Amino acid sequence: MNIQTLDRSPRNHRGGQVSHLLLASGQFGSENLAVTWVEGEPGSEQAVHSHDGREQVYVVVRGQGAMRVGDEVEEVGPGTLIMVPPNTDHSIKNIGDDTLIYVSSTSPPFAMQEGNTSWSVPS
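Residues numbered from 1 in each chain as written. Predicted model: local features only at pLDDT ≥ 70, side-chain atom pairs only at ≥ 80, totals over all residues. Heavy atoms only, no water.

> Please explain the pairing of strand β3 (residues 34-40) as it appears in this structure.
With five of seven residues buried, β3 is to be regarded as a mostly interior element. Here strand β2 (residues 17-23) pairs with β3 via six bridges, running antiparallel. By the bridge assignment for β3, His20 is matched with Trp37. The sheet contact formed by β3 and strand β9 (residues 100-107) spans seven bridges and is antiparallel. Within β9, the position partnered with Trp37 by the bridge is Val103. (Buried < 20%, exposed > 50% of the residue type's maximum accessible area, 1.4 Å probe, protein only. Helix = DSSP H or I, 4+ residues; strand = E, 2+ residues; numbered from the N terminus. Pairing = 2+ DSSP bridges.)

This is how it looks when you write it as structure tokens:
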């Protein structure tokens, strides 16, 4: 059985949000998917970005956010799935009083270093 936990996952800190890379390209033999668990404190905001040739979904687990996809912005909460088409600018901001938690899946997967961000592996 292939299992990955948050405490053993590579991390990326940006915009006040912490991403935990639960599944990376090649991990457990995976070829077509990357999965991250992201936590953001109130007011934190992911920078607007896009993924060249990659589609992505966000699933909000906890908290309230303002999700931007292209020119549209909508409030999102627990149980909401947001589809981001390839090459589309997107971001999410925590607009609530609690930690915003969401899971993001990207296909095809991204490298551990993309867009001048770096991942650190917990010791």
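Don't stop here, the text continues.
> How should I be thinking about the nonpolar core in this particular structure?
Ranked by size, the top nonpolar core spans eleven residues in total: Val38, Tyr58, Val60, Met67, Val69, Val76, Ile82, Val84, Ile92, Leu100 and Tyr102. Elements with a contribution of two residues or more to this core: β4 (55-62), β5 (65-69), β7 (81-84) and β9. Contacts of Leu100, omitting those with residues within four sequence positions, involve Val38, Glu39, Gly40, Val60, Arg62, Gly63, Gln64, Gly65, Ile92, Lys93 and Asn94. (Core = buried A, V, L, I, M, F, W, Y, C linked by side-chain atoms within 4.5 Å. Contact = heavy atoms within 4.5 Å.)

> Would you mind going over the sheet that holds strand β8 (residues 90-94) with me for this structure?
Taken in spatial order, the three strands of this open sheet run β6-β5-β8, and their pairing is antiparallel. The open sheet has two edge strands with one neighbour each: β6 (72-76) and β8. Across the sheet, the mean angle separating the axes of adjacent strands is 20° when strand polarity is ignored. Taken together, the five bridges between β5 and β6 define a ladder with antiparallel strand orientation. (Axes fitted to C-alpha atoms, helices over the stretch in contact; angles between N-to-C directions.)

> Is there a simple way to think about the packing of aromatic side chains in this case?
Centre-to-centre distance and the angle between the planes together describe a pair of aromatic rings. As enumerated under the stated definition, the model contains one aromatic pair in all. Arranged with centres 5.1 Å apart and planes meeting at 20°, the rings of Tyr58 and Tyr102 form a pair that is stacked. Of this pair, Tyr58 sits in strand β4 while Tyr102 sits in strand β9, and the two are 44 residues apart along the sequence. Like Tyr102, Tyr58 is buried. (Phe/Tyr/Trp six-rings, centres within 6.5 Å; stacked < 30°, edge-to-face > 60°.)

> How should a negative patch on the surface be read in this particular structure?
Taken together, the side chains of Asp71, Glu72, Glu74 and Asp89 present a region of like negative charge at the surface. Inspection of the secondary structure assignment puts Glu74 in strand β6. (Patch = residues over 30% accessible without salt bridge, like charges linked within 9 Å, V, L, I, M, F, W, Y side chains within 5 Å. Areas by Shrake-Rupley, 256 points an atom, 1.4 Å probe, with all protein chains shown as cover. Salt bridge = Lys/Arg side-chain N within 4 Å of Asp/Glu carboxyl O. Lys, Arg positive; Asp, Glu negative; His and termini not counted. Charge placed at Lys NZ, Arg CZ, Asp CG, Glu CD.)

> How should unusual backbone geometry be read in this particular structure?
Outside of glycine, negative phi angles account for most residues, and trans bonds account for most peptide bonds. Looking along the chain, the bond that leaves Ser107 and enters Pro108 is cis, with omega of -10°. Positionally, Pro108 belongs in the segment after β9. Here Asn87, not a glycine, exhibits a phi torsion of approximately 60°, which is positive. Structurally, Asn87 is set in the loop between β7 and β8. Looking at Asn87, the relative accessible area reads 48%, which means it is partly exposed.

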